[in-house]
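# A structural walkthrough
Here is how the chains run, residue by residue.
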Amino acid sequence: MTFYNPTAHFSIKGKVLVVPVVSVANVAQLAADLLIASLSLHRVGIFDPRSLVPVVGAREDDLPGITTPLELFGRDDVNVAVIQQRSPALKSSKQDFVDSFLEFIRTSGASGVLFIGGVDMSNRTDPQMLTPTCQIVPPGTPDLTSGPLAALTTLPIPVYTSPVSQFLHTDAERTTIPFIPGGGLSRRMLSSLSDTWQIPTVCLLQYVMEGDNRADAQLMAAVVSKVLQIEVPNWKQPSSWGHGLFGTPHDQTLYG
(Lines give C-alpha, C1' and ligand atoms only; values in the text may rest on other atoms or scores of the structure.)
Protein backbone atom coordinates (compact mmCIF):
# COMPACT_ATOMS: atom_id res chain seq x y z
CA MET A 1 0.00 0.00 0.00
CA THR A 2 1.35 3.41 -0.94
CA PHE A 3 1.70 5.92 1.89
CA TYR A 4 -0.69 8.48 0.39
CA ASN A 5 -3.89 7.63 -1.47
CA PRO A 6 -5.85 10.50 -3.07
CA THR A 7 -9.63 10.38 -2.86
CA ALA A 8 -10.17 13.44 -5.07
CA HIS A 9 -8.24 15.33 -7.72
CA PHE A 10 -6.08 17.72 -5.73
CA SER A 11 -2.52 19.04 -5.73
CA ILE A 12 -0.58 20.35 -2.74
CA LYS A 13 1.92 22.05 -5.05
CA GLY A 14 2.36 25.68 -4.06
CA LYS A 15 0.25 25.39 -0.91
CA VAL A 16 1.32 25.60 2.73
CA LEU A 17 0.78 22.34 4.59
CA VAL A 18 -0.46 22.57 8.18
CA VAL A 19 0.47 19.50 10.22
CA PRO A 20 -1.01 19.02 13.71
CA VAL A 21 1.15 16.78 15.88
CA VAL A 22 -0.64 14.59 18.43
CA SER A 23 0.46 16.15 21.71
CA VAL A 24 -0.78 17.36 25.09
CA ALA A 25 -4.50 18.28 25.21
CA ASN A 26 -4.84 17.51 21.47
CA VAL A 27 -4.90 21.27 20.98
CA ALA A 28 -3.34 20.92 17.51
CA GLN A 29 -6.06 18.51 16.38
CA LEU A 30 -8.76 20.85 17.67
CA ALA A 31 -7.15 23.79 15.88
CA ALA A 32 -7.01 21.73 12.69
CA ASP A 33 -10.72 20.96 13.12
CA LEU A 34 -11.45 24.69 13.28
CA LEU A 35 -9.35 25.43 10.20
CA ILE A 36 -10.99 22.62 8.21
CA ALA A 37 -14.51 23.67 9.19
CA SER A 38 -13.98 27.43 8.86
CA LEU A 39 -12.24 27.23 5.48
CA SER A 40 -14.74 24.61 4.21
CA LEU A 41 -11.97 22.21 3.30
CA HIS A 42 -12.83 18.79 1.92
CA ARG A 43 -11.14 15.44 2.41
CA VAL A 44 -8.94 14.87 -0.61
CA GLY A 45 -6.77 11.96 0.49
CA ILE A 46 -6.01 9.38 3.16
CA PHE A 47 -2.71 7.97 4.39
CA ASP A 48 -1.55 4.46 5.12
CA PRO A 49 -2.48 3.95 8.81
CA ARG A 50 -0.30 0.91 9.53
CA SER A 51 2.07 2.92 11.79
CA LEU A 52 -0.74 4.53 13.80
CA VAL A 53 -3.05 3.34 16.54
CA PRO A 54 -6.07 1.88 14.68
CA VAL A 55 -9.18 4.05 14.81
CA VAL A 56 -12.24 4.51 12.61
CA GLY A 57 -15.42 6.50 13.01
CA ALA A 58 -18.21 8.30 11.22
CA ARG A 59 -17.33 11.26 9.04
CA GLU A 60 -18.26 14.85 9.76
CA ASP A 61 -21.83 15.90 8.84
CA ASP A 62 -22.82 12.31 8.02
CA LEU A 63 -20.77 12.22 4.83
CA PRO A 64 -20.46 8.74 3.28
CA GLY A 65 -17.53 6.55 4.22
CA ILE A 66 -15.47 6.41 7.39
CA THR A 67 -12.90 8.58 9.14
CA THR A 68 -9.38 7.14 9.24
CA PRO A 69 -6.39 7.98 11.46
CA LEU A 70 -4.61 10.32 9.02
CA GLU A 71 -6.29 12.38 6.30
CA LEU A 72 -5.59 15.37 4.05
CA PHE A 73 -8.05 18.24 3.59
CA GLY A 74 -7.93 21.01 1.03
CA ARG A 75 -9.60 23.06 -1.68
CA ASP A 76 -8.21 24.14 -5.02
CA ASP A 77 -9.01 27.80 -4.38
CA VAL A 78 -7.41 27.92 -0.89
CA ASN A 79 -3.62 28.14 -0.61
CA VAL A 80 -3.56 26.04 2.56
CA ALA A 81 -3.91 22.28 2.98
CA VAL A 82 -4.49 20.73 6.41
CA ILE A 83 -3.62 17.26 7.61
CA GLN A 84 -5.68 15.79 10.41
CA GLN A 85 -4.12 13.05 12.57
CA ARG A 86 -6.54 11.40 14.95
CA SER A 87 -4.36 8.82 16.67
CA PRO A 88 -0.70 8.65 17.70
CA ALA A 89 2.02 6.55 16.12
CA LEU A 90 2.63 3.09 17.52
CA LYS A 91 5.67 3.00 19.78
CA SER A 92 7.46 0.48 17.58
CA SER A 93 6.75 2.44 14.39
CA LYS A 94 7.49 6.04 15.33
CA GLN A 95 10.56 6.54 13.16
CA ASP A 96 9.07 4.59 10.24
CA PHE A 97 6.05 6.89 10.37
CA VAL A 98 8.17 10.04 10.60
CA ASP A 99 10.38 8.96 7.68
CA SER A 100 7.40 8.13 5.44
CA PHE A 101 5.58 11.31 6.43
CA LEU A 102 8.54 13.61 5.77
CA GLU A 103 9.20 11.91 2.43
CA PHE A 104 5.59 12.58 1.44
CA ILE A 105 6.00 16.25 2.36
CA ARG A 106 9.33 16.51 0.55
CA THR A 107 7.87 15.23 -2.71
CA SER A 108 4.47 16.95 -2.41
CA GLY A 109 5.49 20.31 -3.86
CA ALA A 110 4.30 22.17 -0.76
CA SER A 111 5.59 25.74 -0.57
CA GLY A 112 5.89 25.61 3.22
CA VAL A 113 5.19 23.42 6.24
CA LEU A 114 3.70 24.59 9.52
CA PHE A 115 3.80 22.01 12.30
CA ILE A 116 1.55 22.82 15.26
CA GLY A 117 1.48 21.16 18.66
CA GLY A 118 1.05 21.52 22.39
CA VAL A 119 3.61 21.73 25.17
CA ASP A 120 2.96 21.05 28.86
CA MET A 121 1.98 24.29 30.57
CA SER A 122 3.51 23.18 33.87
CA ASN A 123 6.98 23.15 32.29
CA ARG A 124 7.50 26.90 31.87
CA THR A 125 9.94 29.46 33.11
CA ASP A 126 8.70 32.82 34.39
CA PRO A 127 9.36 34.66 31.09
CA GLN A 128 7.48 31.93 29.20
CA MET A 129 4.34 32.76 31.19
CA LEU A 130 4.02 36.05 29.29
CA THR A 131 2.85 34.42 26.05
CA PRO A 132 0.97 31.18 25.31
CA THR A 133 2.53 30.62 21.89
CA CYS A 134 6.13 30.08 20.81
CA GLN A 135 8.00 28.88 17.74
CA ILE A 136 10.83 26.64 16.62
CA VAL A 137 12.59 27.19 13.31
CA PRO A 138 14.64 24.05 12.62
CA PRO A 139 18.25 24.60 11.56
CA GLY A 140 18.84 24.41 7.84
CA THR A 141 15.34 25.46 6.81
CA PRO A 142 15.31 27.98 3.94
CA ASP A 143 15.08 31.67 4.80
CA LEU A 144 11.55 32.60 5.91
CA THR A 145 11.62 36.30 5.03
CA SER A 146 10.59 35.88 1.40
CA GLY A 147 8.42 32.75 1.51
CA PRO A 148 4.87 31.85 2.50
CA LEU A 149 5.80 31.90 6.21
CA ALA A 150 7.32 35.39 6.06
CA ALA A 151 4.61 36.89 8.29
CA LEU A 152 5.99 34.88 11.19
CA THR A 153 9.13 37.04 11.22
CA THR A 154 6.99 40.12 11.98
CA LEU A 155 4.85 38.62 14.74
CA PRO A 156 5.80 38.81 18.45
CA ILE A 157 6.11 35.04 18.87
CA PRO A 158 9.17 34.10 20.95
CA VAL A 159 11.50 31.23 20.16
CA TYR A 160 10.83 28.15 22.29
CA THR A 161 13.50 27.08 24.73
CA SER A 162 13.14 24.09 27.00
CA PRO A 163 13.18 24.53 30.79
CA VAL A 164 14.51 20.97 30.95
CA SER A 165 18.11 20.13 30.11
CA GLN A 166 18.32 19.43 26.40
CA PHE A 167 20.68 16.47 26.58
CA LEU A 168 18.80 13.91 28.64
CA HIS A 169 19.85 10.99 26.46
CA THR A 170 23.01 9.49 25.06
CA ASP A 171 25.26 11.40 22.69
CA ALA A 172 23.78 9.50 19.74
CA GLU A 173 20.35 10.94 20.52
CA ARG A 174 21.41 14.56 20.97
CA THR A 175 19.72 17.11 18.75
CA THR A 176 19.63 20.87 18.36
CA ILE A 177 15.85 20.81 18.75
CA PRO A 178 14.99 21.42 22.43
CA PHE A 179 13.08 18.94 24.55
CA ILE A 180 9.29 19.51 24.29
CA PRO A 181 7.41 18.11 27.32
CA GLY A 182 4.11 16.68 26.13
CA GLY A 183 5.02 17.47 22.54
CA GLY A 184 4.51 14.02 21.06
CA LEU A 185 6.55 13.55 17.89
CA SER A 186 7.17 17.28 17.37
CA ARG A 187 10.84 17.05 18.32
CA ARG A 188 11.40 13.85 16.36
CA MET A 189 9.78 15.36 13.26
CA LEU A 190 11.95 18.47 13.37
CA SER A 191 15.11 16.53 14.24
CA SER A 192 14.56 14.16 11.30
CA LEU A 193 14.61 16.86 8.62
CA SER A 194 17.49 16.14 6.27
CA ASP A 195 20.40 18.48 5.59
CA THR A 196 19.03 18.93 2.06
CA TRP A 197 15.53 19.95 3.18
CA GLN A 198 14.36 22.71 0.84
CA ILE A 199 10.88 23.58 2.19
CA PRO A 200 10.45 26.51 4.61
CA THR A 201 9.41 24.87 7.87
CA VAL A 202 8.30 26.16 11.27
CA CYS A 203 6.75 24.61 14.36
CA LEU A 204 4.26 26.57 16.47
CA LEU A 205 3.81 25.38 20.04
CA GLN A 206 1.18 26.41 22.57
CA TYR A 207 1.31 25.95 26.34
CA VAL A 208 -1.75 23.98 27.41
CA MET A 209 -3.13 21.63 30.05
CA GLU A 210 -5.67 18.86 29.64
CA GLY A 211 -9.29 19.99 29.97
CA ASP A 212 -11.77 21.91 27.89
CA ASN A 213 -9.31 23.17 25.28
CA ARG A 214 -11.71 24.74 22.80
CA ALA A 215 -10.54 28.25 23.67
CA ASP A 216 -6.90 27.13 23.37
CA ALA A 217 -7.67 25.67 19.95
CA GLN A 218 -9.35 28.91 18.88
CA LEU A 219 -6.23 30.84 19.86
CA MET A 220 -3.91 28.45 18.06
CA ALA A 221 -6.06 28.52 14.90
CA ALA A 222 -6.08 32.33 15.02
CA VAL A 223 -2.28 32.40 15.27
CA VAL A 224 -2.02 30.01 12.32
CA SER A 225 -4.27 32.28 10.26
CA LYS A 226 -2.05 35.26 11.13
CA VAL A 227 1.13 33.40 10.20
CA LEU A 228 -0.35 32.22 6.90
CA GLN A 229 -2.14 35.53 6.25
CA ILE A 230 -5.48 33.93 5.56
CA GLU A 231 -8.73 35.70 6.32
CA VAL A 232 -11.30 33.76 8.33
CA PRO A 233 -14.42 35.97 8.57
CA ASN A 234 -16.26 33.57 10.88
CA TRP A 235 -14.70 30.77 12.85
CA LYS A 236 -16.85 27.67 12.69
CA GLN A 237 -16.79 24.71 15.03
CA PRO A 238 -17.34 21.30 13.41
CA SER A 239 -20.74 19.81 14.15
CA SER A 240 -19.11 16.78 15.80
CA TRP A 241 -17.94 19.01 18.66
CA GLY A 242 -21.56 19.33 19.76
CA HIS A 243 -21.88 15.65 20.62
CA GLY A 244 -18.49 14.00 20.32
CA LEU A 245 -15.93 16.25 21.98
CA PHE A 246 -16.80 15.32 25.57
CA GLY A 247 -19.35 12.58 24.91
CA THR A 248 -23.05 12.75 25.61
CA PRO A 249 -24.36 14.35 28.84
CA HIS A 250 -24.64 12.08 31.86
CA ASP A 251 -28.04 10.74 32.77
CA GLN A 252 -28.79 12.71 35.92
CA THR A 253 -31.03 9.94 37.28
CA LEU A 254 -27.82 8.00 37.93
CA TYR A 255 -27.13 10.36 40.83
CA GLY A 256 -30.53 10.17 42.51
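We now turn to the structure provided with this report.

### Comments concerning the pairing of strand β10 (residues 201–208)
- Burial within β10 is extensive, with 8 of its 8 residues counted as buried.
- What you see with β10 is no split at all: T201, C203, L205 and Y207 on one side and V202, L204, Q206 and V208 on the other are buried throughout.
- As paired elements, strand β8 (residues 112–120) and β10 share 8 bridges and run parallel to each other. Among the inter-strand pairings, F115 is bridged to a residue of β10, identified as C203.
- When strand β9 (residues 133–136) meets β10, the two strands line up antiparallel, connected through 4 bridges. If you follow Q135 over to β10, its bridge partner there is L204.

### Considerations on the nonpolar core
- One finds L72, F97, F101, I105 and F115 to be the most contacted residues of the largest nonpolar core, which totals 39 residues.
- Apart from the residues within four sequence positions on either side, F101 is in contact with F3, V19, L70, I83, F115 and M189.
- Residues A25, A31, L39 and V223 belong to the second largest nonpolar core, which totals 37 residues.

### Re the sheet that holds strand β6 (residues 70–74)
- Spatially, 8 strands are ordered β1-β3-β6-β7-β2-β8-β10-β9 in an open sheet, and the strand pairing comes out mixed. Two strands close off the open sheet at either side, each with one partner strand: β1 (4–6) and β9. Geometrically, the sheet is characterised by an average inter-axis angle of 25° between neighbouring strands, direction not taken into account.
- For β6 and strand β7 (residues 80–85), the ladder comprises 4 bridges, and the chain directions are antiparallel. Paired with F73 across the bridge in β7 is V82.
- The sheet contacts of helix α1 (residues 27–38) involve β2 (16–20), β6, β7, β8 and β10, and relative to β7 the element is tilted by about 135°.

### Description of helix α4 (residues 214–228)
- With 15 residues, α4 extends 21 Å from end C-alpha to end C-alpha; this agrees with the ideal 21 Å at 1.5 Å per step.
- Every buried residue of α4 is listed here: A217, M220, A221, V223, V224, S225, V227 and L228.

Conventions we followed
- Residues numbered from 1 in each chain as written.
- Predicted model: local features only at pLDDT ≥ 70, side-chain atom pairs only at ≥ 80, totals over all residues.
- Heavy atoms only, no water.
- Buried < 20%, exposed > 50% of the residue type's maximum accessible area, 1.4 Å probe, protein only.
- Helix = DSSP H or I, 4+ residues; strand = E, 2+ residues; numbered from the N terminus.
- Pairing = 2+ DSSP bridges.
- Core = buried A, V, L, I, M, F, W, Y, C linked by side-chain atoms within 4.5 Å.
- Contact = heavy atoms within 4.5 Å.
- Axes fitted to C-alpha atoms, helices over the stretch in contact; angles between N-to-C directions.
- Expected span 1.5 Å × (residues − 1).

Everything listed here is a matter of geometry and, on its own, says nothing about what the molecule does.
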